[in-house]
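In case you want the letters, here they are:
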Amino acid sequence: ALAMAMFIPDMPAPPAAGEAVPGSVTMAAYEQGLTQWMVNYGGWQIAAQAIVLFGQFAIVALYLAGDHPPAGKELMAAARRYPLLLLAGLIIAVPIAAALLLAQAVPLLMAAFFVIVFWVLARTIALAPTLLAEAPVGALRAITRSLHLTRGNTLALAAAVMTVILAMTIAT
């Protein structure tokens, strides 16, 4: 995040509430600036997030390998399984994105959307360890296995996820 902040400018700030009128000159300028930012820096942002995700996945691989694992071997194992992690993430993210679009259309659903997101995050928290420890499990099987492993612990895991997200939000 620090490296990204050093090389990529911040996204354009949205207009103030009174100026955020659809079709206004202010809103059109904001939309144009945001589109230009995405064209110029969106790919770099996605690449950086993919690298961070791989780093976290590699740390899980090293942890699962036990005491004094050969780092190169575990990094290769993480690299081989990484596409499955990305696929599983897409399988999870597409329905969540659809739910977000629905929640934006009906504002009263936004609270329900956050409940769903925290539930999904809590129930799929074992996804990376499952992909690594139970190889050659596929993306769908890893998701269902994670759901099985976390059954009965959803509230505690959701609280842990919310705590981490809150701490990250406060820190930034």
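Keep in mind that what you see is a predicted model, and the values were worked out from it rather than measured. (Residues numbered from 1 in each chain as written. Predicted model: local features only at pLDDT ≥ 70, side-chain atom pairs only at ≥ 80, totals over all residues. Heavy atoms only, no water.)

## A closer look at the packing of helix H2 (residues 25–64) against helix H3 (residues 71–105)
Phase 1: Two numbers describe how H2 lies on H3: the axes approach to 8 Å, and their chain directions differ by 125 degrees. Taken together, the axis directions place H2 and H3 in an arrangement best described as oblique. The handedness of the crossing between H2 and H3 comes out as right-handed. Contacts between H2 and H3 involve Ala50, Leu53, Phe54, Phe57, Ala58, Ala61 and Leu62 on the former and, on the latter, Ala71, Glu74, Leu75, Ala78, Ala79, Arg81, Tyr82, Leu85 and Leu86.
Phase 2: Split by residue class, the contact of H2 with H3 holds 14 nonpolar, no polar and 2 charged. (Axes fitted to C-alpha atoms, helices over the stretch in contact; angles between N-to-C directions. Helix = DSSP H or I, 4+ residues; strand = E, 2+ residues; numbered from the N terminus. Parallel < 35°, antiparallel > 145°, perpendicular 65-115°, else oblique. Left-handed = near helix turned anticlockwise from the far one by under 90°. Contact = heavy atoms within 4.5 Å. Nonpolar A, V, L, I, M, F, W, Y, C, P; charged D, E, K, R; others polar.)

## Regarding the nonpolar core
Phase 1: Judged by nonpolar contacts, the single largest core of 17 residues is most densely connected at Phe57, Leu85, Leu127 and Leu131.
Phase 2: The set of elements that each furnish at least two residues to this core consists of H2, H3, helix H5 (127–133) and helix H6 (139–150).
Phase 3: It is H3 that contributes the most residues to this core, 5 residues altogether.
Phase 4: Those residues within four positions of Leu131 in sequence are excluded, and the remaining contacts are Phe57, Arg81, Leu84, Leu85, Val137, Gly138 and Ala142. (Core = buried A, V, L, I, M, F, W, Y, C linked by side-chain atoms within 4.5 Å. Buried < 20%, exposed > 50% of the residue type's maximum accessible area, 1.4 Å probe, protein only.)

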